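Listed below, chain by chain, are the residues.
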Amino acid sequence: LAMVMATHEMEEMPGVNSPGKKLALVFTCTVCDTRSARRISQNSYDNGVVLIRCPSCENLHLIADRLGYFEDESWDIERAMAEKGGTFRRIDDEHVLELDPADFRGVDKERAKGPS
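Just so you know, these numbers come straight off a predicted model, no measurement behind them. (Residues numbered from 1 in each chain as written. Predicted model: local features only at pLDDT ≥ 70, side-chain atom pairs only at ≥ 80, totals over all residues. Heavy atoms only, no water.)

Engineer: Can you help me understand the overall build of the protein in this one?
Structural biologist: A tally of regular secondary structure across the protein gives 4 helices and 8 strands. Helices and strands in the protein line up, N terminus first, as β-β-β-α-β-β-β-α-β-α-β-α. Taken across its 116 residues, the protein has 34% of its residues classed as buried. Pairs at least 24 residues apart make up 41% of the contacts formed inside the protein by residues separated by at least 6 positions. Here the protein displays about 7,500 Å² of accessible surface, and carbon together with sulfur accounts for 47% of that area. (Helix = DSSP H or I, 4+ residues; strand = E, 2+ residues; numbered from the N terminus. Buried < 20%, exposed > 50% of the residue type's maximum accessible area, 1.4 Å probe, protein only. Contact = heavy atoms within 4.5 Å. Areas by Shrake-Rupley, 256 points an atom, 1.4 Å probe, with all protein chains shown as cover.)

Engineer: What's the story with the packing of aromatic side chains in this structure? I'm lost.
Structural biologist: Any aromatic ring pair is given by two values, namely how distant the centres are and how the planes are angled relative to each other. Enumeration over the complete set of coordinates arrives at 0 aromatic pairs. Above the ring of Y45, the side-chain terminus of R66 is found at 5.1 Å from the ring centroid. (Phe/Tyr/Trp six-rings, centres within 6.5 Å; stacked < 30°, edge-to-face > 60°. Lys NZ or Arg CZ within 6 Å of the ring centre and 35° of its normal.)

Engineer: What's the story with the state of the cysteines in this structure? I'm lost.
Structural biologist: Throughout this description, disulfide means a covalent bond between two cysteine sulfur atoms. Applying the stated criterion to the full structure yields 0 disulfides. C54 takes part in no disulfide bond, and the closest cysteine sulfur, belonging to C32, lies 3.6 Å away. In this model C57 remains outside any disulfide bridge; the closest cysteine sulfur is found in C29, 3.7 Å from its own. When its relative accessible area of 32% is taken as the criterion, C57 is described as partly exposed. (Disulfide = S-S within 2.5 Å.)

Engineer: Sorry if this is basic, but what is going on with the nonpolar core here?
Structural biologist: Nonpolar side chains tend to gather and get buried jointly when the protein is soluble and globular. Counting 14 residues, the largest nonpolar core has I40, Y45, V50, I52, I63 and I77 as its most contacted members. Within the residue set of this core, elements represented by two or more residues are strand 2 (22-28), strand 4 (49-53), strand 5 (60-65) and helix 2 (77-84). (Core = buried A, V, L, I, M, F, W, Y, C linked by side-chain atoms within 4.5 Å.)

Engineer: Would you take a moment to explain a nonpolar patch on the surface for this structure?
Structural biologist: Taken together, L51, L60, L67, Y69 and F70 make up a surface patch of nonpolar side chains, about 540 Å² in accessible area. By secondary structure assignment, the location of Y69 is in the loop between strand 5 and strand 6 (75-76). Under the relative-accessibility criterion, Y69 is labelled exposed at 62%. (Patch = residues over 30% accessible without salt bridge, like charges linked within 9 Å, V, L, I, M, F, W, Y side chains within 5 Å. Salt bridge = Lys/Arg side-chain N within 4 Å of Asp/Glu carboxyl O.)

Listed below in structure tokens is the structure:
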């Protein structure tokens, strides 16, 4: 899981179109193993609730819950990944994250491998 501040190059990424700062979230679905990217509102991530639907299996993933709708206290994917020993990277201007259109649409790893 990686999250970066979205720039104008990420305008084609599926996600929110509301005003304000955006974050780009690149993740692998834990249900179907599809890798995809979505643009989310930084305000919602910091102060609200963020759910992302997998483009392949349509499972909903909780990314942040600052309002206590799903968890008893403030919760986010960064803390959850750290507690479970998972991988989460924040990428800033000092690092480069390269995305291609397949990242935006979602790539099912099993189908991307081709015939075995």
